[in-house]
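Listed below, chain by chain, are the residues.
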Amino acid sequence: KPGQAKQVFRKYGSKAKSGQKVKKTEKTKSVGPKLKKGLTPGTVLILLAGRFRGSRVVFLKQLESGLLLATGPYSVNGVPLRRV
């Protein structure tokens, strides 16, 4: 509240006692979101956002980051390889 002193709590000392090792936590790899069952390579998708919204594209594969790789193909409707 305004006009009152602020209490600050501090932790003193290290968490590990002398001679003990601190166990480090391992980071797990983040797995991209699961893919919808009906999406298989070759499926036709319709882009909903971006420059090519409304364009039908062909789904190629899911990237490690979880994004989808799709193409027009470029020679047919001008949509290049896109990460969606």
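An account of the accompanying structure is given in this report.

**Overview of the overall build of the protein**
- In terms of regular secondary structure, the protein is built from one helix and four strands.
- Secondary structure of the protein in N-to-C order comes out as β-β-β-α-β.
- Burial analysis of the protein (84 residues in total) assigns 18% to the buried set.
- Within the protein, contacts between residues at least 6 apart in sequence are counted, and of these 19% link residues at least 24 apart.

**Brief notes about the sheet that holds strand β1 (residues 44-46)**
- Read across the open sheet, the four strands follow the order β1-β2-β3-β4; overall the sheet is antiparallel. Strands at the two margins of the open sheet, each flanked by one partner only, are β1 and β4 (82-83).
- With two bridges connecting them, strand β3 (residues 68-71) and β4 associate as antiparallel partners. Each bridged residue has a counterpart across the sheet, and for Leu69 the counterpart in β4 is Arg83.

**As for the side chain of Thr43**
- Tracing the chain through its elements places Thr43 in the segment before β1.
- Here the side chain of Thr43 touches Thr40 through a polar contact of 2.6 Å, landing on its backbone oxygen.
- In contact with Thr43, other than residues within four places in its own chain, are Gly38, Val57, Val58 and Phe59.

Analysis parameters
- For every chain, the first residue of the written sequence is number 1, and numbering continues from 1 onward in sequence order.
- Per-residue local features of the predicted model are confined to residues with pLDDT of at least 70, and side-chain atom pairs are confined, for both listing and counting, to 80 or more; whole-chain, interface and lining totals are unaffected and use all residues.
- Each side-chain value is derived from all of the structure's non-hydrogen atoms; neither hydrogens nor water enter the calculation.
- Secondary structure elements follow DSSP: runs of H or I of four or more residues count as helices, runs of E of two or more count as strands, with numbering from the N terminus.
- Throughout this description, buried means an accessible area under 20% of the type-specific maximum (1.4 Å probe, protein chains only), exposed means over 50%, and partly exposed covers the range between.
- The contact criterion used throughout is that any non-hydrogen atoms of two residues lie within 4.5 Å.
- Between any two strands, at least two bridges found by DSSP are needed for them to pair.
- Two N or O atoms form a polar contact when they lie within 3.5 Å of each other; inside protein one atom must be a possible hydrogen donor and the other a possible acceptor, and for residues adjacent in sequence the pair counts only when both atoms belong to side chains.

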